[in-house]
Amino acid sequence: MMSNTNKERDYKPYEHLTFDDFRRLAKDDKLTRYEKIGFPNEYRKGYEKYIFEDIRLKLKSLGEKNKIILDIGCGCSELAFMIIDNCERNNSELLLVDSQEMLSLLPSKPFVSKFACRFSDCPTLFEKYTGRVDGILVYSVIHHVFLEANIFDFIDKACELLKDGGEMLIGDIPNVSKRKRFFSSKSGVEYHKKFMGTEDVPQVDLAAIEEKKIDDGVIFGILQRYRNFGFDTYLLPQDKGLPMANRREDVLVRKP
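The shown structure was predicted, so the numbers you read here are calculated from the model rather than taken from an experiment.

Cut-offs and rules
- Residues numbered from 1 in each chain as written.
- Predicted model: local features only at pLDDT ≥ 70, side-chain atom pairs only at ≥ 80, totals over all residues.
- Heavy atoms only, no water.
- Helix = DSSP H or I, 4+ residues; strand = E, 2+ residues; numbered from the N terminus.
- Buried < 20%, exposed > 50% of the residue type's maximum accessible area, 1.4 Å probe, protein only.
- Contact = heavy atoms within 4.5 Å.
- Pairing = 2+ DSSP bridges.
- Axes fitted to C-alpha atoms, helices over the stretch in contact; angles between N-to-C directions.
- Polar contact = N/O pair within 3.5 Å; in protein donor to acceptor, adjacent residues only side chain to side chain.
- Disulfide = S-S within 2.5 Å.

Visitor: Before we go on, may I ask you to explain unusual backbone geometry in this structure?
Guide: For residues that are not glycine, phi is negative in most cases, and the peptide bond is trans in most cases. The residue N91 is not glycine, and still its phi comes out positive at about 55°. With respect to the element layout, N91 can be found in the loop between α6 (78-89) and β2 (93-98). At S140, a residue that is not glycine, the phi angle is positive and equals roughly 55°. Tracing the backbone shows S140 in the loop between β4 (133-139) and α9 (142-148). S140 gets classed as buried once you look at its relative accessible area, which sits at 9%.

Below you can see the structure in the form of C-alpha cells.
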C-alpha cells in the first residue's frame, strides 16, 4: 500500500501538465486511465461515480432529455464513460473536445461527435454549434489552460456556444488561496498530520506569490467578468466526500 507521503510526492509531476503533455500520457500504455488524465490512482479510483453525481447536481442539463452537451477536455477515465452513458440514456447529443490520442480511447457512438483539437482551434465546432449548446463541462481542465493560454479567451469562446438558458460548469478548480486557508485552520493542520503521517505543522505563507497557480483573484475575476457580460455566475463548493474538496471549488456560468 502506498504511504501518504508517497501519495503527496507522486502527485507533483501532474501539477503542471500542458495539452501536449496529455497527448503523450494518453499514448503511454503503462499508465492507468487516471494517470493518463493527470491523477495518481488514489485521487480518482473509486471516486469518479461521486464526482459524476456532484457534477450532475450542478449542471442541470445532464439530467434532462434531448440536450446538446459539450465536454471540453473530456479525458479518457471512467468519468468520460459516465457522461457518454448519461447522454445516451437522455437521448442527448454529446460533443467531446480533446486530443486525438485521448479521444481514441473513448467509444464512438452515433450521438457522439469528437473534435480532436485544442478547444480554441475548433472552427467546425463553432460554425455548427454557436448559440446552441445547453450544457458545457470543463472539469479539472482550467488550471492546465492557465499554464499556456489566456483563460478568459478560453471562457469567452465557450460562452459563445451557450444558448439562452445554457450553463457551463468550470469544475475542480485548484484554488491556492483556498488551500492556504484550509492548511492554516485547525482542521487543515489535523488533516495534514494524518495524511503525511507526521506531527509537523504545514508551513503556510498567506502573502507569498504563487506563480502559475489559480488563486482567489483569478476565481473572482471570472465571476465578475462574466457578470459584466450579462451572465449569471456562481461559486460552488464541492461535495465534502470528494478527494480534494478542501482545496478545490467550482464555478457555474449561466446565460439568462
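Visitor: Help me understand the environment of K178, please; the structure alone is not making it clear to me.
Guide: Along the chain, K178 falls in helix α11 (residues 176-183). Looking at K178, the relative accessible area reads 22%, which means it is partly exposed. Put simply, K178 and H192 are 14 residues apart on the chain and 15 Å apart in space, counted from C-alpha to C-alpha. Those residues in contact with K178 that lie beyond four places of it in its chain are A245, N246, R247, R248 and E249.

Visitor: Which parts of the structure should I look at to understand the sheet that holds strand β5 (residues 162-174)?
Guide: Across a sheet, paired strands are connected by hydrogen bonds in the backbone, their directions being either parallel or antiparallel. Read across the sheet, seven strands follow the order β3-β2-β1-β4-β5-β7-β6 without closing on themselves; strand pairing throughout is mixed. On the outer flanks of this sheet lie β3 (112-116) and β6 (232-237), each paired with one strand and no other. The mean inter-strand angle of the sheet, taken between neighbouring strand axes irrespective of direction, is 15°. As defined by bridge partners, strand β1 (residues 68-72) adjoins β4 across three bridges and the pair is classed as parallel. Note on β4: the bridge partner recorded for D71 is L137.

Visitor: Hey, could you run me through α11 in this one?
Guide: Side chains of residues three or four places apart in an α-helix project in the same direction, reflecting 3.6 residues per turn. For α11, the full list of buried residues reads V176, S177, K180, F182 and F183. Check the buried side of α11 and you find it contacts β5, α12 (186-196) and α13 (216-228). Sitting at the amino-terminal end of α11 is N175, which places a side-chain oxygen 2.9 Å from the backbone nitrogen of S177.

Visitor: Mind showing me how you'd approach the state of the cysteines here?
Guide: Disulfide: a covalent bond formed between the sulfur atoms of two cysteine residues. The tally for this structure, following the rule as stated, stands at one disulfide. At a sulfur-sulfur separation of 2.0 Å, the disulfide partner of C117 is C122. Around the S-S axis, the bridge from C117 to C122 shows a dihedral of about 90° and counts as right-handed. For C117, a relative accessible area of 15% translates into the label buried. For C122, a relative accessible area of 3% gives the class buried. Unpaired in terms of disulfides, C74 finds its nearest cysteine sulfur in C76, a separation of 8.5 Å. By relative accessible area, C74 is classed as buried at 9%.

Interpretation in functional terms is not warranted from these geometric data alone.
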